[in-house]
Amino acid sequence: MTLDPNNHVVALCAAGMAIEGTPLEALALFDQAWAARTDDYEACIAAHFVARHQVTPDETLRWNILAVRHAETVVDDRAAEFMASLYLNLGDAHAAAGNQPAAKAAIETARNHL
């Protein structure tokens, strides 16, 4: 499955990725994507990108948790192809925040989504 480039949230995230060398400008686009979300699918995409530009490990973890929670509630299969990636990011965020057991659990869940 390919992300729909005509989806407003996807387009904002793509624009943000194109300028990630300027983190504050990229984050502004990712924040716009978060504000524009209309469903759990769009929320998981936007939260994933917002997480990439947080200052503290706890904020990064919070946004990665949001991304996974929203992805888990998507009622169709649109989020299925990136569940493993979302859980790997969650595991990395847990590790950075110092919670190794949660990191290992998230990595195992990522493995199960492969």
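Residues numbered from 1 in each chain as written. Predicted model: local features only at pLDDT ≥ 70, side-chain atom pairs only at ≥ 80, totals over all residues. Heavy atoms only, no water.

Draft legend 1. Geometry of the packing of aromatic side chains. Inspection of the entire model under this criterion finds three aromatic pairs. Ring centres of W34 and W63 lie 4.9 Å apart, and the angle between their planes is 85°; on these two criteria the pair is classed as edge-to-face. Placement of W34 in helix α2 (residues 23–36) and of W63 in helix α4 (residues 57–72) is noted, with a sequence separation of 29 residues between them. Owing to a relative accessible area of 9%, W63 belongs among the buried residues under this scheme. Ring plane angle 35° and centroid distance 6.2 Å describe the contact between Y41 and F82, whose orientation is recorded as tilted. Within this pair, whereas Y41 is found in helix α3 (residues 40–51), its partner F82 is found in the loop between α4 and α5 (83–96), the two being separated by 41 residues in sequence. (Phe/Tyr/Trp six-rings, centres within 6.5 Å; stacked < 30°, edge-to-face > 60°. Helix = DSSP H or I, 4+ residues; strand = E, 2+ residues; numbered from the N terminus. Buried < 20%, exposed > 50% of the residue type's maximum accessible area, 1.4 Å probe, protein only.)

Draft legend 2. Spotlight on the nonpolar core. Of all hydrophobic cores here, the largest spans 35 residues; its most connected members are W34 and I45. Residue assignment for this core shows that the elements contributing at least two residues are α1 (8–18), α2, α3, α4, α5 and α6 (100–112). At nine residues, the largest contribution of residues to this core is made by α3. Discounting residues that sit within four places of it in the chain, I45 has contacts with L3, V10, C13 and F82. (Core = buried A, V, L, I, M, F, W, Y, C linked by side-chain atoms within 4.5 Å. Contact = heavy atoms within 4.5 Å.)

Draft legend 3. Just α4, in detail. Taking 1.5 Å per residue, 16 residues should reach 22 Å; α4 reaches 22 Å between its end C-alpha atoms and fits that length. By the burial criterion, the buried members of α4 are T60, L61, W63, N64, L66, A67, V68, H70 and A71. Those residues of α4 that are buried lie in contact with α2, α3 and α5. (Expected span 1.5 Å × (residues − 1).)

Draft legend 4. Up close: the pattern of salt bridges. Following the criterion strictly, the structure yields five salt bridges and no others. Put simply, E20 and R52 hold a salt bridge, and the shortest N to O gap is 2.6 Å. Pair noted here: E20 is in the loop between α1 and α2 and R52 is in the loop between α3 and α4, with a separation of 32 residues, a long-range link. The class of R52 is partly exposed, set by a relative accessible area of 43%. One salt bridge in this structure joins R111 and E108, with 2.5 Å as the shortest N-O distance. Within this pair, R111 and its partner E108 are both found in helix α6, separated by three residues, close to a single helical turn. According to the relative accessible area criterion, E108 is partly exposed, its value standing at 36%. One connected set of salt bridges, linked through shared partners, spans D39, D76 and R78. (Salt bridge = Lys/Arg side-chain N within 4 Å of Asp/Glu carboxyl O.)

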